[in-house]
Amino acid sequence: MQIADNTKILMFYEMKRIRMVQDHIESHYLQDEMKTPVHLCIGQEAVAVGACSALQKTDYISSNHRSHGHYLAKGGNLNNLIAELHCKMTGCSKGYGGSMHIVDTSVGHMGSSSIVGGGIPIGTGLGLAISMKQQNSVSVIFFGDGAADEGVLYESINFAILKKLPVIYILENNQWSVCSHVSSRQAGKNIFHHAPQKLLMTKKIDGNNVLEVYETVSEAVNFARKGYGPSFIECETYRILGHAGCASQDADGYRDLKEADEWKKKCPVNTFQEKLIQGNFLSIEDIENMESRIQAEIEDAFDFAQKSPLPPSHEMTNYLFK
Amino acid sequence: MPWSKIKPDTDELNYCHNGNCGGRQISYAQAVNEGLRQSLTLDERVFVMGQGVDDPSGMFGTTRGLQEEFGKKRVFDTPLAETALTGVANGAAIGGMRPVYFHNRPDFLLLAMDQLVNHASKWHFMFGGAVNVPLVLWACIGRGWGSAAQHSQALQGIFFHVPGLKLLMPSTCYDAKGLLLAAIKDDNPVLILDHRYNFKQKGMVPEDMYTVPIGKGIVRRPGRDVTIVAISHLVADAFMTAEKLAGQGVDVEVIDPRTLRPLDEALILNSVMKTGRLVIADTGWKTGGVTAEIAALVSSKAFRFLKAPIERVACPDLPTPAGYTLEDAYYIGQSDIKHAVMKTIDFER
């Protein structure tokens, strides 16, 4: 697959932006201005960016508690995200959701659930709506290896195959669910679905290689748009930080830090950056310009969030019913 | 005694307000079926799903003929995957459709609790109103003839507990259709719990599309001495009890809330302020259930009007036994309601 130079640069920019946003959240988290648990996706940027780059604005995504990357990659508004982390009225969920329930329907981000696996059938249902309305969109579902423990994944895929729904199941296998390694929850590498290809297109790929993710998801999107049905893509990646909070809050003693160090060498942002410099797509100066632009945007977003009002307590009863 | 013949076909009771609603007499199942047919005809976003919606019995007759008329894409059988399929219905609703998901027993809804309680009921709130879930879930309480502990549960108390979920329990053919149409029109998740006993009755139902407002109860019989708030098919038992007691000089007011959430608090409170006595009859369990909540409501907001303690008539806190004699002892009916009414009358401070 031929990928245009500007697409590669744009994908790099998006990954860099997500990384820098995460770093900024992490370094400010202990100031306690963001009073909501954060689940950072440092190390997993390539999955979000590679997948969302293959999508249109009118395509849906369904996400989970570790979803800052998905939100930003799909085009979600940064100011509203940072405001939501501060539980402010200007947040994407008006301060009712916090970090685990973010949404931006204007770009097809239809909401994230913090019940592990909860977004999987909802994304499948979005695929059903697309199919019934005969739209040309697709529905992409991001979930982790923990969600692959849940029976609802099997139930949902079975239904999507049955109805040939335009749904793409993207498993981000980051190896960890809170402090449980995937090997303590699943025998061997049994997540990957070996369904007959005529029923379900399945692929297992390097989730730290943004170009591979982009190509594979593009193929799945074409497959879905043609009406051939769902696909399942397992992206192998790694959760560099702990389950929630910032690095200094990560509990000790559940994983060998050498493991994390090994994966840091495979950092999706840095490895792609090197590749782009070596291929003369970008210069060091280009990258520094990008970084200062992103830094300014992030500082503006934090400033916007901090200056925004908190929801008044009398508004607690808003939005119970429409 | 075949299971289906447990309650004979009957005409609906002659409630004081029945009057002329411009309808014709059809069965409860036909009323639901007609509501679905009209919704499917008029709104292309509506679809009907559920395990067995296309089988010959058609979910007690409520979905019969719909697949033939509207096709397999809009009326379809589902895999036995209640969790995922409830989530699929949620997602389809978020994506702009109006799913109506049928279950032939509320017991199976317990498999769907994650998507019902954690997702559908929370989605509008937790995204600050950015999205909503216009979903209808329907299930039928299947009491009777050895159904035992997992096929007859009246689980409204569990669902009543959940903010963000509307809960309807119709008792007449007119309301079955009108509340279903209101539920489909509603932009929120709505659970309708019907009762098999109501399916055997025929009542006046208009042919046109009409809605019964969600959150409005109705007085089935006005009275001065005692208020009975009765749920679902117990409305009929309460009404018959009231008619019999009228001959003994006790004038009973019967209230049918029709919808438990939102609950028509004003209707109940005004009645108790008038009569000073309250009996609550529910098909579910007593502890932590519907009768407990309504009793708490009245004792906190109309305590000074009460002339006697509130009496509750509900199933004992036990799973349903299968054996005929045990089952007979387990379920409540007219004699239990009468006994409770007389306790409030005979009470002396």
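Calculation notes
- Residues numbered from 1 in each chain as written.
- Chains lettered and ligands numbered in written order.
- Predicted model: local features only at pLDDT ≥ 70, side-chain atom pairs only at ≥ 80, totals over all residues.
- Heavy atoms only, no water.
- Helix = DSSP H or I, 4+ residues; strand = E, 2+ residues; numbered from the N terminus.
- Rg over C-alpha atoms; globule rule 2.2 N^0.38 Å.
- Contact = heavy atoms within 4.5 Å.
- UniProt positions renumbered as here; feature names shortened; annotations may be inferred.
- Polar contact = N/O pair within 3.5 Å; in protein donor to acceptor, adjacent residues only side chain to side chain.
- Pairing = 2+ DSSP bridges.
- Axes fitted to C-alpha atoms, helices over the stretch in contact; angles between N-to-C directions.
- Salt bridge = Lys/Arg side-chain N within 4 Å of Asp/Glu carboxyl O.
- Buried < 20%, exposed > 50% of the residue type's maximum accessible area, 1.4 Å probe, protein only.
- Right-handed = clockwise from strand over helix to strand, strands pointing away.
- Domains from an automatic or database assignment.
- Buried area = accessible area lost by both parts, 1.4 Å probe.
- Nonpolar A, V, L, I, M, F, W, Y, C, P; charged D, E, K, R; others polar.
- Core = buried A, V, L, I, M, F, W, Y, C linked by side-chain atoms within 4.5 Å.
- 1 Å grid on protein atoms, 1.4 Å probe; cavity = no way out; pocket = protein on both sides within 12 Å on 5 of 7 lines; lining within 4 Å.
- Points joined across faces, edges and corners; volume = space filled by probe spheres on them.
- Parallel < 35°, antiparallel > 145°, perpendicular 65-115°, else oblique.
- Left-handed = near helix turned anticlockwise from the far one by under 90°.

Description of the overall build of chain A
- The helix and strand tally for chain A stands at 11 helices and 8 strands.
- The C-alpha atoms of chain A give a radius of gyration of 19 Å, which matches the 20 Å a tight globule of 322 residues would have.
- Overall, chain A is about 55 × 55 × 40 Å in size when its C-alpha atoms are taken along their principal axes.
- The contacts in chain A between residues at least 6 apart in sequence include a share of 74% that link residues at least 24 apart.

Side note on the UniProt feature "domain: Transketolase-like pyrimidine-binding" (unreviewed entry) in chain B
- Following the UniProt record, one finds the feature "domain: Transketolase-like pyrimidine-binding" (unreviewed entry) at residues 26–201 of chain B.
- Between the C-alpha atoms that bound residues 26–201 of chain B the distance is 8 Å, and the span itself is 36% helix and 17% strand.

Looking at the environment of Lys88(A)
Residue and element names in this part refer to chain A.
- The residue Lys-88 is located in the loop between α4 (78–85) and β2 (109–112) in this model.
- Once you skip the residues sitting within four places of it in the chain, Lys-88 turns out to touch Ala-83, Lys-94, Gly-95, Ala-305, Gln-306, Ser-308, Pro-309, Leu-310 and Pro-311.
- Within the structure, the side chain of Lys-88 is placed 2.9 Å from the backbone oxygen of Ser-308, a separation counted as a polar contact.

Topic: the sheet that holds strand β12 (residues 252–256) of chain B
All names here are of chain B.
- What the 5 strands build is an open sheet, ordered β10-β12-β11-β14-β15; its pairing is mixed. This sheet does not close on itself; its edge strands, each paired only once, are β10 (218–221) and β15 (311–315). The average angle at which neighbouring strand axes cross in this sheet is 25 degrees, direction not considered.
- Bridging between strand β14 (residues 278–285) and β15 involves 4 bridges; their strand directions are parallel.

Details of the pattern of salt bridges
- Evaluated as defined, the whole model comprises 29 salt bridges over all chains.
- We note a salt bridge from Glu236(A) to Lys189(A), for which the minimum N-O separation is 3.8 Å. Of this pair, Glu236(A) sits in strand β8 (residues 231–236) while Lys189(A) sits in the loop between α7 (182–185) and β7 (201–206), and the two are 47 residues apart along the sequence.
- Looking at Lys189(A), the relative accessible area reads 62%, which means it is exposed.
- A salt bridge links Glu34(B) to Arg24(B); the shortest N-O distance between them is 2.8 Å. Here the residue Glu34(B) occupies a position in helix α1 (residues 28–42), and Arg24(B) occupies one in strand β2 (residues 24–27), the gap between them amounting to 10 residues.
- Accessibility expressed as a relative area gives 25% for Arg24(B), which makes it partly exposed.
- When salt bridges with common partners are traced through the structure, they connect Asp175(B), Arg220(B), Asp256(B) and Arg258(B) into a single cluster.

Topic: the pairing of strand β4 (residues 167–173) of chain A
Residues and elements named next belong to chain A.
- Counting buried positions over the 7 residues of β4 gives 7, a clear majority of the element.
- Of the two faces of β4, both are covered, the one formed by Val-167, Tyr-169, Leu-171 and Asn-173 as well as the one formed by Ile-168, Ile-170 and Glu-172.
- In this fold, strand β3 (residues 139–144) hands off to helix α6 (residues 151–162), which returns the chain to β4; that crossover is right-handed.
- In this structure, β4 lies alongside β8, joined through 6 bridges in parallel fashion. Each bridged residue has a counterpart across the sheet, and for Tyr-169 the counterpart in β8 is Phe-232.

Quick notes on the domain arrangement of chain B
Residue and element names in this part refer to chain B.
- Along its sequence, chain B is carved into domain 1 (10–205) and domain 2 (218–346).
- The straight-line distance from the C-alpha centre of domain 1 to that of domain 2 is 25 Å.
- Listed as interface residues are 36 residues of domain 1 and, on the opposing side, 32 residues of domain 2.
- Regarding the contact of domain 1 and domain 2, the summed buried area is about 2,800 Å², with carbon and sulfur atoms giving 61% of it.

Focus: the UniProt feature "domain: Dehydrogenase E1 component" (unreviewed entry) in chain A
- In the UniProt entry, the feature "domain: Dehydrogenase E1 component" (unreviewed entry) is given for residues 13–311 of chain A.
- Counted over residues 13–311 of chain A, helix gives 43% and strand 12%. Its end C-alpha atoms are 34 Å apart.

As for the interface of chain A and chain B
- Counting residues at the interface gives 38 residues for chain A and 40 residues for chain B.
- Carbon and sulfur atoms supply 72% of the area that chain A and chain B bury against each other, a total of about 3,100 Å² over both sides.
- Put simply, chain A and chain B have 0 salt bridges between them.
- Our count for the chain A to chain B interface comes out at 10 residue pairs in polar contact (both at pLDDT 80 or more).
- No other element matches the 8 residues that helix α5 (residues 119–132) of chain A contributes to the side of chain A that touches chain B.
- Tallied by class, residues from the side of chain A that touches chain B come to 20 nonpolar, 13 polar and 5 charged.

Structural notes on the side chain of Ser156(A)
- Within the secondary structure, Ser156(A) sits in helix α6.
- A polar side-chain atom of Ser156(A) sits 2.8 Å from the main-chain carbonyl oxygen of Val152(A).
- Contact partners of Ser156(A), with chain neighbours within four places excluded, come to Ile120(A), Pro121(A), Thr124(A), Tyr169(A) and Ala84(B).

What to know about the nonpolar core
- Counting 81 residues, the largest nonpolar core has Phe143(A), Tyr169(A), Phe232(A), Phe159(B) and Val298(B) as the members making the most contacts within it.
- Looking at this core, you find at least three residues from each of domain 1 (10–205) and domain 2 (218–346) of chain B.
- Filtering out sequence-adjacent residues up to four positions away, Phe143(A) remains in contact with Asn64(A), Ile120(A), Leu153(A), Tyr169(A), Ile170(A), Leu171(A), Glu172(A) and Phe232(A).

Quick word on empty space enclosed by the protein
All names here are of chain B.
- One pass over the full model with this rule turns up 3 cavities of 30 Å³ or more.
- Here the largest cavity is characterised by a volume of approximately 100 Å³.
- Along its surface, the largest cavity is lined by 15 residues, and Ser-152, Ala-154, Thr-283, Cys-315 and Tyr-331 are the ones closest to its centre.
- For the lining of the largest cavity, the element with the most residues is β14, which contributes 3 residues.
- Looking at the lining of the largest cavity, you find at least three residues from each of domain 1 (10–205) and domain 2 (218–346).

A word on the packing of α6(A) against helix α3 (residues 82–94) of chain B
- Contact pair α6(A) / α3(B): the axes reach a minimum separation of 8 Å and the direction vectors enclose 60 degrees. It follows that α6(A) is oblique to α3(B) by the angle criterion. For the element pair α6(A) and α3(B), the recorded crossing hand is right-handed. Two secondary-structure elements touch here, α6(A) through Val152(A), Glu155(A), Ser156(A) and Phe159(A) and α3(B) through Glu82(B), Thr83(B), Ala84(B), Leu85(B) and Val88(B).
- Along the lines of polarity and charge, the residues of the contact of α6(A) with α3(B) split into 5 nonpolar, 2 polar and 2 charged.

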